[in-house]
Structure formats: structure tokens, C-alpha cells
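Architecture and fold: a report
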Amino acid sequence: MRRGEVLAGTNTALVTGASKGIGRCYALQLAALGYNVLMVASGEVELLATAEEVRTANPKVWVRTLVKDLATPTAAEELFAWTEQEGIKVDVLINNAGIFSFCDILNTPIERIQRVIYLHDITSTLSCRLYAADMIKRGGGRILNMSSFSIWMPYPGLSLYSASKAYLKSFSVAFAKEVKDKGVTVTAICPAGIATDLYGLSPALQRFGLKTGILMSPESCARRSLNGMFRGQRCKVPDWWFRLFIPICQLVRGPLMRWLRNFTMQFQK
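Below or above, wherever it landed, is the structure these notes cover. (Residues numbered from 1 in each chain as written. Predicted model: local features only at pLDDT ≥ 70, side-chain atom pairs only at ≥ 80, totals over all residues. Heavy atoms only, no water.)

Moving on, we get to the overall build of the chain. What the chain contains, in helices and strands, is ten helices and seven strands. Here the chain has a C-alpha radius of gyration of 18 Å; the compact-globule value for 269 residues is 18 Å, and the two agree. With the principal axes as the frame, the chain shows a C-alpha extent of 55 × 35 × 35 Å. The buried share of the chain, reckoned over its 269 residues, is 49%. Within the chain, contacts between residues separated by at least 24 positions form 73% of all contacts whose residues are at least 6 apart in sequence. For the chain, the accessible area works out to roughly 13000 Å², and carbon and sulfur atoms hold 58% of it. Averaging the coordinates of the 32 positive side-chain charges in the chain and doing the same for the 20 negative ones gives two points 9 Å apart. (Helix = DSSP H or I, 4+ residues; strand = E, 2+ residues; numbered from the N terminus. Rg over C-alpha atoms; globule rule 2.2 N^0.38 Å. Buried < 20%, exposed > 50% of the residue type's maximum accessible area, 1.4 Å probe, protein only. Contact = heavy atoms within 4.5 Å. Areas by Shrake-Rupley, 256 points an atom, 1.4 Å probe, with all protein chains shown as cover. Lys, Arg positive; Asp, Glu negative; His and termini not counted. Charge placed at Lys NZ, Arg CZ, Asp CG, Glu CD.)

It is worth spelling out the environment of leucine 144 at this point. By the element assignment, leucine 144 lies in strand E5 (residues 141-146). The buried category is assigned to leucine 144, whose relative accessible area is 0%. For the pair formed by leucine 144 and arginine 234, sequence separation is 90 residues and the distance between their alpha carbons is 9.2 Å. In this structure, leucine 144 is in contact with Tyr26, Leu93, Ile94, Asn95, Thr187, Ile189, Ser225, Leu226 and Met229, ignoring residues within four places of it in sequence.

Further remarks concern the sheet that holds strand E6 (residues 184-189). The seven strands lie next to each other as E3-E2-E1-E4-E5-E6-E7, forming an open sheet whose pairing is parallel. Either end of the sheet is taken by a strand with one partner, and the two such strands are strand E3 (63-67) and strand E7 (235-236). Here E5 runs beside E6; their pairing, made up of six bridges, is parallel. By the bridge assignment for E6, arginine 142 is matched with threonine 185. (Pairing = 2+ DSSP bridges.)

What follows concerns the environment of valine 173. Here valine 173 shows up in helix H5 (residues 159-178). Among the residues examined, valine 173 registers a relative accessible area of 19% and is labelled buried. Put simply, valine 173 and asparagine 58 are 115 residues apart on the chain and 33 Å apart in space, counted from C-alpha to C-alpha. When residues no more than four places from it in sequence are discounted, the contact partners of valine 173 are Arg234 and Cys235.

On to the pattern of salt bridges. Scanning all chains against the criterion turns up twelve salt bridges. We note a salt bridge from glutamate 5 to arginine 2, for which the minimum N-O separation is 3.5 Å. Its salt-bridge partner being aspartate 134, residue lysine 89 comes within 3.3 Å of it at the nearest N-O pair. Of this pair, lysine 89 sits in the loop between helix H3 (75-86) and strand E4 (92-95) while aspartate 134 is found in helix H4 (residues 110-137), placing the two residues 45 residues apart along the sequence. For aspartate 134, a relative accessible area of 9% corresponds to the buried category. (Salt bridge = Lys/Arg side-chain N within 4 Å of Asp/Glu carboxyl O.)

Here the focus is the packing of helix H1 (residues 21-32) against helix H7 (residues 218-230). Where H1 meets H7, the axes come as close as 8 Å, and the angle between the chain directions of the two elements is 60°. Between H1 and H7, the crossing angle belongs to the class labelled oblique. Once H1 is placed against H7, the crossing between them reads as right-handed. Within the contact between the two elements, H1 uses Gly21, Ile22, Arg24, Cys25, Tyr26, Gln29 and Leu30 and H7 uses Pro218, Glu219, Cys221, Ala222, Arg223, Ser225, Leu226 and Phe230. Split by residue class, the contact of H1 with H7 holds nine nonpolar, three polar and three charged. (Axes fitted to C-alpha atoms, helices over the stretch in contact; angles between N-to-C directions. Parallel < 35°, antiparallel > 145°, perpendicular 65-115°, else oblique. Left-handed = near helix turned anticlockwise from the far one by under 90°. Nonpolar A, V, L, I, M, F, W, Y, C, P; charged D, E, K, R; others polar.)

Set out below in C-alpha cells:
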């Protein structure tokens with residue numbers, strides 16, 4: 001059997017931000033491994049279309065959807081209450097939903113600041129708390145939290161996004177140690193550039209990024225991330241060569257940082 005594979009329909013995975021990008025790939029790949037999939041996202045049309053794609057490709061498992069905005073203070077409790085009411089027991093939790101923000105804090109609307117922190121940190125943390133406790137009662141489970149390579153890039157414009165993702169990585173690694181002996185694994189994934197719509201890149205730029213290796217495909221990112229989760233890794237940067245750039249990113253300062261800031265100001269929004 002492939003790593004992580006289960007008898008079709010015996011285990012259930014919950015994937016947030018599942019309608020497109022990496023979340024769509026998580027749903028497809030987990031269903032292919034035999035997991036029933038609960039797909040959660042805020043956009044109904046895309047979510048239903050992607051769910052039908054997953055269902056058609058994997059007829060031996062069930063696929064359910066929930067349209068929900070997770071960027072609110074009480075989203076995690078509401079999501080957990082809904083799954084309990086529906087009798088859905090989650091064996092794999094994928095906290096994938098995210099909001100990208102590239103803008104100086106002073107130019108960022110307060111509502112966006114709140115939504116990013118609610119989604120990346122509050123909802124993910126409380127979801128881990130609620131679902132991990134239930135997993136432990138049933139013998140164990142796995143949790144994957146999507147952090148970001150930007151945690152090593154606290155550059156101007158990325159202050160909100162990189163800080164929210166840095167919290168999620170730090171939390172995940174520490175929480176993994178707390179539940180290590182209770183049958184639950186927690187993995188933080190820190191991907192660099194991915195060819196999705198998250199960053200607002202045009203399809204042409206995404207194709208260029210894939211050809212040059214600057215960007216990774218969402219399929220590859222999901223596959224490597226799930227592999228790291230099933231191996232019980234606490235933190236993983238998909239694709240080894242991106243790890244080589246971590247010390248370089250941390251050395252950017254002084255004149256180079258000022259040039260980078262001046263150049264990137266045109267892209268802030």
C-alpha cells in the first residue's frame with residue numbers, strides 16, 4: 001500500500017480551502033488514498049464543482065461539502081459543532097485555507113488584518129484543539145497546518161502575512177510535541193511559491209514560474225506535504241532546493257532591503 005493509504009471509506013479527512021489550488025489537490029489525493037473527504041470553503045460554486053471532480057475520480061469514498069467563512073472568531077467551534085451534529089469523525093485535519101496579503105500595515109484595512117489573523121491563527125489553533133482532543137479519544141489522528149516559506153522573509157509588505165504564518169509554524173511544532181505520545185501527529189508545511197491564484201499571478205506568469213522552477217505545482221506541493229504528514233514530520237519545506245534559500249532570505253538587509261522595498265511597492269495592494 002502507498003504511504004497513508006487506507007481501506008476505502010474507513011477514514012475521513014477534513015480539508016479547508018478545498019475548492020481550488022493546493023486544497024483541491026489535497027482533497028483529490030486523500031480521496032485517492034481511500035479517505036472520505038469533507039471539503040470546506042467559502043465559495044459555493046467552485047466548491048461544488050471541485051467536489052464533483054473529486055467524487056467522480058474516487059467513487060469508492062463519500063465526498064461532502066460545507067460552505068463556510070472560516071475567517072471569523074467562532075468559525076472553529078461552529079465547524080466542530082457541525083461535524084459532531086452530522087456524525088462525522090475526522091481522522092485527518094488539513095488546515096489549508098488562507099488569505100494572502102502584501103501591503104504595509106498602515107495601508108492595510110483593519111478588517112483584513114482581523115480576517116487574516118482569525119483564519120490563519122485563531123481558526124487553525126482552535127480547530128487543532130477541538131479535533132485533536134476527539135482524535136485522542138478514538139486512538140489518534142493526523143493534523144497538517146499550512147504555514148509558509150515567508151516566515152523566513154519578514155519583509156516590508158509581508159509583515160501581516162509572514163507573522164501570521166510564523167505563529168502557525170511555531171504553534172504546530174510545539175503542539176506536535178505535546179500530543180506526540182497521545183497518537184496525534186502535527187505537521188507544519190512551509191511552501192515557497194506555488195503556481196496558484198493565491199498571489200494574484202496571471203496564468204502566463206504561473207506557467208513561466210513552473211518552467212523555470214521558481215514556482216512549484218500545487219499537485220507536487222500537496223503530494224510532498226501529505227508524505228511529510230504521514231511520516232510524522234513536524235515541519236517540512238516541500239522541495240529540498242527551496243531550503244537552500246532560507247539563510248539567503250535572512251541575510252537580506254541594508255541597501256538590498258531598501259532596493260527590494262522600493263521595487264516591490266508597485267505590487268502592494
